[in-house]
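Read off the chains here:
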Amino acid sequence: MRRNVLLPIVVLLIAIVLYQPIQVLAEKKVESSVAQYVINEMGVFKNEQQIISSKDKEYCIKDKILYSKDMKQLIRVGDVTGKLILPSTIEKIAPYAFCYSNLSEIVLGKRVTQIASTAFCKTPKLKKLTVSSQNKKYCVKDGVLYSKDRKICVSSAAAHGSV
């Protein structure tokens, strides 16, 4: 028997890290006051437009992606495939934001200044990562995301053997 369950974001992150299957139906509404959202059996955020009310004061969903209401933080990518060009308003990318996503290409804009170290974990389909040339904090070389001065490697998720 399956049940609808809401999980706090901390539990979600622990579940993803431990790779524990969680059975949840993706029909439950988000309770934004506790930063909860719905995940499926694989720990993947599955969203539909009706999960978050347009009246929600903290979150919004656009094109199956969970954002902060002000569109400054990308929290979680849902069932999206192909190329994703982040909205120009995005400044922060949350932990596990792209985890288990089916994206093959991600384009980061010039305003992105914070990327969680786990943002790109478990992204085997990611083949190309691009950063705006106007971004002052990050750059990409051979599929590897670096700090602009290339002293810090942020992610090699799109490198696929080129490093």
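This one's a predicted model, so the numbers in the text were calculated from it and none came from an experiment.

Caption draft 1: Region of the structure containing the packing of aromatic side chains. The tally for this structure, following the rule as stated, stands at 1 aromatic pair. Seen in terms of ring centroids, Phe98 and Phe120 are 5.0 Å apart; in terms of plane orientation they differ by 10°. Their pairing is stacked. In this pair, Phe98 is assigned in the loop between β7 (92-93) and β8 (102-108) and Phe120 in the loop between β9 (114-115) and β10 (128-131), connecting sequence segments 22 residues apart. Above the ring of Tyr146, the side-chain terminus of Arg150 is found at 5.1 Å from the ring centroid.

Caption draft 2: A look at the sheet that holds β8. Spatially, the 3 strands line up as an open sheet ordered β6-β8-β10, and their pairing is parallel. With one partner strand each, in any of the chains shown, β6 (81-85) and β10 form the two edges of the open sheet. Strand-to-strand twist of the sheet, defined as the mean angle between neighbouring strand axes without regard to direction, takes the value 15°. Where β8 meets β10, 4 bridges bridge the pair, whose relative direction is parallel.

Caption draft 3: Just the nonpolar core, in detail. Among the nonpolar cores identified, the biggest contains 29 residues, and Ile93, Phe98, Leu108, Ile115 and Phe120 are the most heavily contacted of them. Breaking this core down by element, the ones donating at least two residues are β4 (65-68), β5 (73-77), β8 and β10.

Caption draft 4: Inspection of the confidence of the model for the chain at higher detail. Averaged over all residues, the pLDDT of the chain equals 76, while 65% of them reach at least 70. A low-confidence stretch, residues 10-44 stays under pLDDT 50, and its non-local contacts, those more than four residues away or across chains, total 84 contacts. This model gives residues 46-50 a pLDDT under 50, and the stretch forms 18 contacts once residues within four places in sequence are excluded.

Each value, and the rule that gives it
- Residues numbered from 1 in each chain as written.
- Predicted model: local features only at pLDDT ≥ 70, side-chain atom pairs only at ≥ 80, totals over all residues.
- Heavy atoms only, no water.
- Phe/Tyr/Trp six-rings, centres within 6.5 Å; stacked < 30°, edge-to-face > 60°.
- Helix = DSSP H or I, 4+ residues; strand = E, 2+ residues; numbered from the N terminus.
- Lys NZ or Arg CZ within 6 Å of the ring centre and 35° of its normal.
- Pairing = 2+ DSSP bridges.
- Axes fitted to C-alpha atoms, helices over the stretch in contact; angles between N-to-C directions.
- Core = buried A, V, L, I, M, F, W, Y, C linked by side-chain atoms within 4.5 Å.
- Buried < 20%, exposed > 50% of the residue type's maximum accessible area, 1.4 Å probe, protein only.
- pLDDT = per-residue confidence, 0-100.
- Contact = heavy atoms within 4.5 Å.

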